[in-house]
Amino acid sequence: MTTVSALTIAGGRDQHLKNVIRGFAEQTHRIDELIIGVMQNSDYTDLPETDFPIRQIRMSGPDLCMAAARNAVADAARGDVLVFVDVDCIPAPDFVQTYVNRMQGRIGLFMGEVQYLPAGGTDGGLDFDHFATVSVKHSDRQGPPAKGIAPCEDYRCFWSLNFAMHRGCWQKGPRFDERFTGYGGEDTDFGRALSEAGTPIWWIAGGRVFHQYHPHCMPPVHHMESVMRNADLFALKWGHRTMEHWLYAFQLMGLIRNDPDGLVVLRQPNQADFDLCKQQSDMPYANTRRVIDHLQARGDWTVERTRQVESAQAAMLMPAAE
């Protein structure tokens, strides 16, 4: 039987983590271990009882480094298959079994489905029928096929929220670049590194997680400067920036300017900026497109408008590509 290591990284979010553990306890294919990359000063306590061991790896350092935490938990894993979920994502009961089935006979990185729960979605405990009824897909993210498995042709679609790899593929392939600290960029960089190495990226039907509601800002104005720093780090590696949609939104908000010599901070975000970007209780997820609509006083995403916005966002890739 295929052995499986479940991996997550966490700082705070105690109740979210407990729900993730409960989700793994209900798998039709039992996991062999759960490893938590702990990004806080002390280990988690009072975790749910399970029939699989839970290991905690304490991360150190002054900067939030999700890349280092993911590398650490993956390096420590002992299973044949490594399944990664974010701490706010509850795996459906067939999550592990679906990954094991889809990955058989294939190499590469595999990405499953993500459904977003509304506020209060978990108040009744882990009711997966209820989750399936009330959850929604993200309107702006590409997703898996209706059935089976399909290649992902664009590395920029990689998102570490929910993915899996064979341990041997992880050990031979690229790692998350630990120079990306704070928020943003490390996922796209990892996807690009996989693409450059010739490692396939796959979408799979199933492998579903339910994203637990928590207020969030999008674009992430609370991490504006680390987004800028990491976008320029990406440019040093690959010749152009990334996260251009966030940078474009920051520009529309009057926070930054894209000068010939690089990005310039015009002012720090204020309360009005946070209020604009903050996810409201009636939103299952935060959405940068909503903010761009508001700032441009338009909501008609015609083909021509989409092209105009994409062109404006692409300008934020420069001047690193010049």
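The structure contained in this document is the topic of the report that follows. (Residues numbered from 1 in each chain as written. Predicted model: local features only at pLDDT ≥ 70, side-chain atom pairs only at ≥ 80, totals over all residues. Heavy atoms only, no water.)

**Focus on the overall build of the protein**
Quick reminder of the rule: Going along the chain from the N terminus, every DSSP run of H or I of four or more residues is numbered as a helix, and every run of E of two or more is numbered as a strand. Two things to know: the radius of gyration comes from C-alpha atoms, and the globule rule equals 2.2 Å times the number of residues to the power 0.38. Summary of the burial criterion: residues with accessible area below 20% of their type's maximum are buried, those above 50% are exposed, and those between are partly exposed, where the area comes from a 1.4 Å probe applied to protein chains only. Should any heavy atoms of two residues lie within 4.5 Å, those residues are counted as being in contact. Shrake-Rupley sampling with a 1.4 Å probe provides the accessible areas, and residues are treated as covered by the protein chains on show and by no other component.
A tally of regular secondary structure across the protein gives 11 helices and 13 strands. In terms of overall size, the protein behaves like a compact globule, its C-alpha atoms giving a radius of gyration of 20 Å where 322 residues would be expected to give roughly 20 Å. The principal-axis extent of the C-alpha atoms belonging to the protein is close to 55 × 45 × 40 Å. In the protein, which comprises 322 residues, the share counted as buried stands at 51%. Considering only contacts within the protein whose residues lie at least 6 apart along the sequence, 75% involve residues at least 24 apart. Accessible surface, the protein as shown: approximately 14,500 Å² in total, 48% of it carbon and sulfur.

**Observations regarding the environment of Val-291**
Secondary-structure assignment places Val-291 in helix 10 (residues 288–296). With 42 residues separating them along the chain, Val-291 and Ala-249 place their C-alpha atoms 7.4 Å apart. Here Val-291 is in contact with Met-218, Pro-219, Leu-276 and Cys-277, once residues within four sequence places are set aside.

**Remarks on the packing of helix 10 against helix 11 (residues 303–314)**
Basically, it comes down to this: To get an axis, a line is fitted to the C-alpha atoms, and for a helix only the part in contact is used. The angle between two axes follows their N-to-C directions and goes from 0 to 180 degrees. When describing relative orientation, an angle under 35 degrees is termed roughly parallel and one over 145 degrees roughly antiparallel, while 65 to 115 degrees is termed roughly perpendicular and anything else oblique. Any residue that is not Ala, Val, Leu, Ile, Met, Phe, Trp, Tyr, Cys, Pro, Asp, Glu, Lys or Arg is counted as polar, Gly included; the first ten are nonpolar and the last four charged.
Put simply, helix 10 and helix 11 touch, their axes get as near as 13 Å, and they point 100 degrees apart. Classified by the angle their axes make, helix 10 and helix 11 are roughly perpendicular. Only Arg-305, Val-309 and Gln-313 of helix 11 make contact with helix 10, whose side of the interface consists of Ile-292, Asp-293 and Gln-296. Tallied by class, the residues present in the contact of helix 10 with helix 11 amount to 2 nonpolar, 2 polar and 2 charged.

**Quick look at unusual backbone geometry**
A negative phi holds for most residues other than glycine; trans holds for most peptide bonds. Cis geometry marks the peptide bond from Met-218 to Pro-219; its omega dihedral reads 5 degrees. Assignment of secondary structure puts Pro-219 in the loop between strand 11 (209–211) and helix 7 (224–238). Its identity is not glycine, yet Arg-13 carries a phi of approximately 55 degrees, on the positive side. Looking at where Arg-13 falls in the secondary structure, it is placed in the loop between strand 1 (4–10) and helix 1 (14–25). Taking relative accessible area as the criterion, Arg-13 reaches 35% and is therefore assigned partly exposed. We note that Asp-46 has phi near 55 degrees; this positive angle belongs to a residue other than glycine.

**Considerations on the packing of aromatic side chains**
What characterises a pair of aromatic rings is the spacing of the ring centres plus the angle enclosed by the ring planes. We count it as follows: Any pair of Phe, Tyr and Trp rings, taking the six-membered ring for Trp, is counted once the centres come within 6.5 Å. Such a pair is stacked with planes under 30 degrees apart, edge-to-face with planes over 60 apart, and tilted for the rest. The criterion for a charge sitting over a ring is simple: Lys NZ or Arg CZ within 6 Å of the ring centre, and within 35 degrees of the ring normal.
One pass over the full model with this rule turns up 18 aromatic pairs. Between Phe-84 and Phe-163, the ring centres sit 4.1 Å apart and the planes meet at 10 degrees, which makes this aromatic pair stacked. Of this pair, Phe-84 sits in strand 4 (residues 81–85) while Phe-163 is found in strand 9 (residues 162–166), placing the two residues 79 residues apart along the sequence. When sorted by exposure, Phe-84 lands in the same class as Phe-163, which is buried. For the pair Phe-128 and Phe-210, a centre-to-centre distance of 6.2 Å together with 45 degrees between the ring planes defines the contact as tilted. In this pair, Phe-128 is assigned in helix 4 (residues 128–134) and Phe-210 in strand 11, connecting sequence segments 82 residues apart. When its relative accessible area of 13% is taken as the criterion, Phe-128 is described as buried. Here Phe-210 falls in the buried class, since its relative accessible area comes to 3%. Clustering of aromatic rings is evident, with ring pairs tying together Phe-84, Phe-158, Phe-163, Trp-170, Phe-176 and Phe-190. Directly above the aromatic system of Phe-176 lies the positively charged group of Arg-70, at a separation of 5.9 Å from the ring centroid. One Lys or Arg, Arg-106, reaches over the ring of Trp-202 and ends 5.7 Å from the middle of that ring.

**Looking at the nonpolar core**
Looking at soluble globular proteins, one finds that nonpolar side chains tend to be buried together. Let me state the cut-off plainly: Nine residue types can take part in a nonpolar core, namely buried Ala, Val, Leu, Ile, Met, Phe, Trp, Tyr and Cys, and a core is a set of them joined through side-chain atoms within 4.5 Å.
If you look at the biggest cluster of nonpolar residues, it comprises 56 residues, and the most contacted ones within it are Leu-109, Leu-247, Phe-250 and Ile-256. Those residues in contact with Ile-256 that sit more than four places away from it in its chain are Met-224, Met-228, Leu-247, Phe-250, Gln-251, Leu-263, Val-264, Val-265, Leu-266 and Met-316. In this structure, Leu-17, Ile-31, Tyr-44 and Val-83 belong to the second largest nonpolar core, which totals 32 residues.

**A few points about the sheet that holds strand 11**
Counted only if it meets this: Note on pairing: DSSP must find at least two bridges between two strands before they are called paired.
Strand order in the open sheet made by the 3 strands is 5-11-7, with mixed pairing throughout. The sheet is open, and its two edges are formed by strand 5 (89–91) and strand 7 (114–116), each paired on a single side. Each strand of the sheet is rotated relative to its neighbour by a mean of 30 degrees, with strand direction disregarded. Pairing of strand 5 with strand 11 involves 3 bridges; the strand directions are antiparallel. Across the sheet, the residue bridging to Pro-91 is Val-209, located in strand 11.

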